[in-house]
Amino acid sequence: MTVTIVGSQLGDEGKGGIVDLYGDAADVVVRYQGGDNAGHTVVEGDEEYKLSLVPSGAVRGKVGVLGNGCVVNPRTLFDELDALRDRGLDPDVRVARRAHVILPYHRVLDGIEEEVKSETDDEVGTTGRGIGPTYEDKAGRRGVRVGDLLDPEVLRDRLEYVVPQKRAIVEDVYGLDVADLDDPDALDVDALYEEFREFGRRLADEGMTVNAGEFLASAIDDGQNVILEGAQGTIIDIDHGNYPFVTSSNPTAGGACTGTGLSPGVVGDGEVVGIVKAYLTRVGSGPMPTELGGVEGDTPGYEEQGEGENEELATYIREEGDEYGTVTGRPRRVGWLDMPMLRHAARASGFTGLAVNHVDTLAGLDELQVGHTYELDGETLETMPATTEQWADCEVNLRTFDGWPEQDWAAVASEGYDALHENARAYLDYLSDELDTPIYAVGVGPGRSQTIVRERPF
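Computed from a predicted structure; not experimentally measured. (Residues numbered from 1 in each chain as written. Predicted model: local features only at pLDDT ≥ 70, side-chain atom pairs only at ≥ 80, totals over all residues. Heavy atoms only, no water.)

**A word on the pattern of salt bridges**
Line of reasoning, step 1. A complete count under the given rule lists 28 salt bridges for this structure.
Line of reasoning, step 2. Asp20 is the salt-bridge partner of Arg60, the closest N and O atoms lying 3.7 Å from each other. With a gap of 40 residues between them, Arg60 in the loop between strand 4 (47-51) and strand 5 (63-66) and Asp20 in helix 1 (residues 15-22) connect regions that are remote in the sequence.
Line of reasoning, step 3. Assessed through its relative accessible area of 23%, Arg60 is described here as partly exposed.
Line of reasoning, step 4. Connected via shared salt-bridge partners are Asp12, Lys277, Glu323 and Arg332. (Salt bridge = Lys/Arg side-chain N within 4 Å of Asp/Glu carboxyl O. Helix = DSSP H or I, 4+ residues; strand = E, 2+ residues; numbered from the N terminus. Buried < 20%, exposed > 50% of the residue type's maximum accessible area, 1.4 Å probe, protein only.)

**Describing helix 4 (residues 131-139)**
Line of reasoning, step 1. Listed in full, the buried residues belonging to helix 4 are Ile131, Pro133, Thr134, Tyr135 and Asp137.
Line of reasoning, step 2. A positive phi of about 60 degrees marks Arg141, the residue just after helix 4.

**Some details on the sheet that holds strand 7 (residues 92-96)**
Line of reasoning, step 1. Ordered in space as 9-7-5-2-10-1-11-16-20-21, the ten strands form an open sheet in which the pairing is mixed. At either margin of the open sheet sits one strand with a lone partner, and together these are strand 9 (209-210) and strand 21 (451-453).
Line of reasoning, step 2. Strand direction decides the pairing type here: strand 1 (residues 2-7) and strand 11 (residues 271-277), joined by five bridges, are parallel. Within the sheet, the bridge partner assigned to Val3 lies in strand 11 and is Glu271. (Pairing = 2+ DSSP bridges.)

**Comments concerning the packing of aromatic side chains**
Line of reasoning, step 1. Under the defined criterion, the tally for this structure stands at five aromatic pairs.
Line of reasoning, step 2. Relative to Tyr430, the ring of Phe401 has its centre 4.9 Å away and its plane inclined at 55 degrees; by these criteria the two rings are tilted. Of the two residues, Phe401 is situated in strand 19 (residues 395-402) and Tyr430 in helix 16 (residues 422-435); the sequence distance between them amounts to 29 residues. No difference in accessibility class separates Phe401 from Tyr430, as the two residues are buried.
Line of reasoning, step 3. Taken together, the ring pairs in this structure connect Phe401, Trp404, Tyr427 and Tyr430 into an aromatic cluster. (Phe/Tyr/Trp six-rings, centres within 6.5 Å; stacked < 30°, edge-to-face > 60°.)

**Thoughts on the confidence of the model for the chain**
Line of reasoning, step 1. With 93% of its residues at a pLDDT of 70 or more, the chain shows a mean pLDDT of 91.
Line of reasoning, step 2. Here residues 296-307 is modelled with pLDDT under 50, and outside its nearest four sequence neighbours on either side it reaches 27 contacts, counting other chains as well. (pLDDT = per-residue confidence, 0-100. Contact = heavy atoms within 4.5 Å.)

**Digging into the side chain of Asp36**
Line of reasoning, step 1. Along the chain, the position of Asp36 falls in the loop between strand 2 (28-31) and strand 3 (40-44).
Line of reasoning, step 2. Residue class for Asp36 comes out buried when judged on its relative accessible area of 0%.
Line of reasoning, step 3. Within the structure, Asp36 has its side chain in polar contact with the side chain of Thr76 (distance 2.6 Å). (Polar contact = N/O pair within 3.5 Å; in protein donor to acceptor, adjacent residues only side chain to side chain.)

**Some points on the environment of Gly88**
Line of reasoning, step 1. With respect to the secondary-structure elements, Gly88 resides in the loop between helix 2 (74-86) and strand 7.
Line of reasoning, step 2. Once the C-alpha coordinates of Gly88 and Phe458 are considered, the two residues, 370 residues apart in sequence, prove to be 28 Å apart.

**A closer look at the side chain of Arg197**
Line of reasoning, step 1. In this fold, Arg197 is placed in helix 7 (residues 189-205).
Line of reasoning, step 2. A distance of 2.9 Å separates the side chain of Arg197 from the side chain of Glu194, its partner in a polar contact.
Line of reasoning, step 3. Once residues lying within four places of it in the same chain are set aside, the contact partners of Arg197 are Leu149, Pro152, Leu155 and Leu192.

**Some points on the packing of helix 13 (residues 339-349) against helix 16**
Line of reasoning, step 1. Between helix 13 and helix 16, whose axes approach to 10 Å, the crossing angle comes to 50 degrees. As far as their axial angle goes, helix 16 and helix 13 are oblique. The two elements helix 13 and helix 16 cross, and the hand of that crossing is right-handed. In this structure, helix 13 contributes Met339, Leu342, Arg343 and Ala346 to the contact, and helix 16 contributes Tyr430, Leu431, Glu434 and Leu435. (Axes fitted to C-alpha atoms, helices over the stretch in contact; angles between N-to-C directions. Parallel < 35°, antiparallel > 145°, perpendicular 65-115°, else oblique. Left-handed = near helix turned anticlockwise from the far one by under 90°.)

**Focus on the environment of Asp402**
Line of reasoning, step 1. Within the element layout of this structure, Asp402 appears in strand 19.
Line of reasoning, step 2. Judged by relative accessible area, Asp402 falls into the exposed class, the value being 54%.
Line of reasoning, step 3. When the C-alpha positions of Asp402 and Leu365 are compared, they lie 8.3 Å apart, and in sequence the two are 37 residues distant.
Line of reasoning, step 4. Not counting chain neighbours up to four residues away, the residues in contact with Asp402 comprise Asp366, Glu367, Leu368 and Asn423.

**Observations concerning the pairing of strand 7**
Line of reasoning, step 1. Across four bridges, the pairing between strand 5 and strand 7 is parallel. Pairing of Val65 across the sheet is with Arg94, part of strand 7.

**Looking at the nonpolar core**
Line of reasoning, step 1. One finds Val359, Leu362, Trp404, Leu420, Tyr427, Leu431 and Val442 to be the most contacted residues of the largest nonpolar core, which totals 55 residues.
Line of reasoning, step 2. If one sorts the elements of this core by residue count, helix 16 sits on top with six residues.
Line of reasoning, step 3. Ignoring sequence-local partners within four residues, the contact set of Trp404 consists of Val359, Leu362, Ala363, Gly364, Leu365, Leu368, Trp409, His421, Asn423, Ala424 and Tyr427.
Line of reasoning, step 4. Membership of the second largest hydrophobic core comes to 45 residues, among which are Val72, Tyr105, Val178 and Leu203. (Core = buried A, V, L, I, M, F, W, Y, C linked by side-chain atoms within 4.5 Å.)

**What to know about the packing of helix 6 (residues 152-173) against helix 7**
The description of two packed helices rests on the angle between their axes and on the distance between the axes.
Line of reasoning, step 1. Put simply, helix 6 and helix 7 touch, their axes get as near as 10 Å, and they point 145 degrees apart. Where helix 6 crosses over helix 7, the two elements pack in a sense that is right-handed. Counting all contacts with helix 6, which are made through Pro152, Leu155, Arg156, Leu159, Glu160 and Val163, the residues of helix 7 involved are Val189, Asp190, Leu192, Tyr193, Phe196 and Arg197.
Line of reasoning, step 2. Of the residues that constitute the contact of helix 6 with helix 7, the class distribution is eight nonpolar, no polar and four charged. (Nonpolar A, V, L, I, M, F, W, Y, C, P; charged D, E, K, R; others polar.)

Structure follows, in structure tokens:
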């Protein structure tokens, strides 16, 4: 069967830890979208693994697959694999031949465009890793796919077609001199060909490439359990998120079908677990109706959102929860849990269960609040409006909950849900009731053993 792991908020919900938690019963772990902009942290004992591309299951020795919905930077892929091997692991990672390749010129153009947008305060706050430009080339039918790296003649043809276009954009649209770029080889056909042909050789020599849909369907037919791992979160889904402050792919459960080659029936017959942080964070620009306070410095969105009325509380939660981006290191903006957002996410992906993380981070507060509904133009909204402009105009209706004290979280995780303080259980029960979805797991710390497991979906 399959279990699909979906971020229900703005990313950074702790998906990697839940994949790791349930990964003991899985045979294969598949990333179905995104690229090396998606940081996930896995803690095993005293070891912490920060990954941005390799599927989380690699830490447990599972077969990892980067699906056709991913965009793959071979530099990052092999750096991460080599680093894991240096730490004594033996990762087995396969890459879909239909997945698109991030090339150096994608990163160059990503950085240029964000810099230009910053002049009018329109920057999205991307990681600068070339994700959007790669998906743009995919949709424009000028991309380079992993399978192309295996065929030197095809690779050469692809590069000779697309690189002059990219050079023209840099020179004629943005008025820049290629020779002045930090990486002028990013627009040199010969240099790109030599480097990426070598990546193709390594992929072939290590037997890493697969026809993803066929590979995964065969595994399921053989009785293997498959975890489908989404990156980012629902509210930065390019179709269902707060456009244009979104990623360039579909983190929602529908993306698990298109990003792996498995049918909707296969994914729908399995479990879909929505990952929820017990509060809300985001990195980058865009509205955030329940925001407590801004982030000092040049973090996109700070000037737009202002410092907020509860900056001290936001700082406390940020520090207690170590809310800094895995990939970027940027401080995350902090807000209360947003129920209209979660209702939207549950509808879009059809959650069969919830995993709620960082419950321990909120311990010690006298009280906490939840955005229960919105008010927009005199109307009460249970879920998010369709446009980002309307969402930015929403006023949040808050509901107050009594806080809970610090506990011996290791003991709580061992003893189970009933060992949680009654106020924490009231908070979680409210969340479950509002989404009409049972809670499968509760995270009370970063480690695998610091999670209350109520249901194991396999």
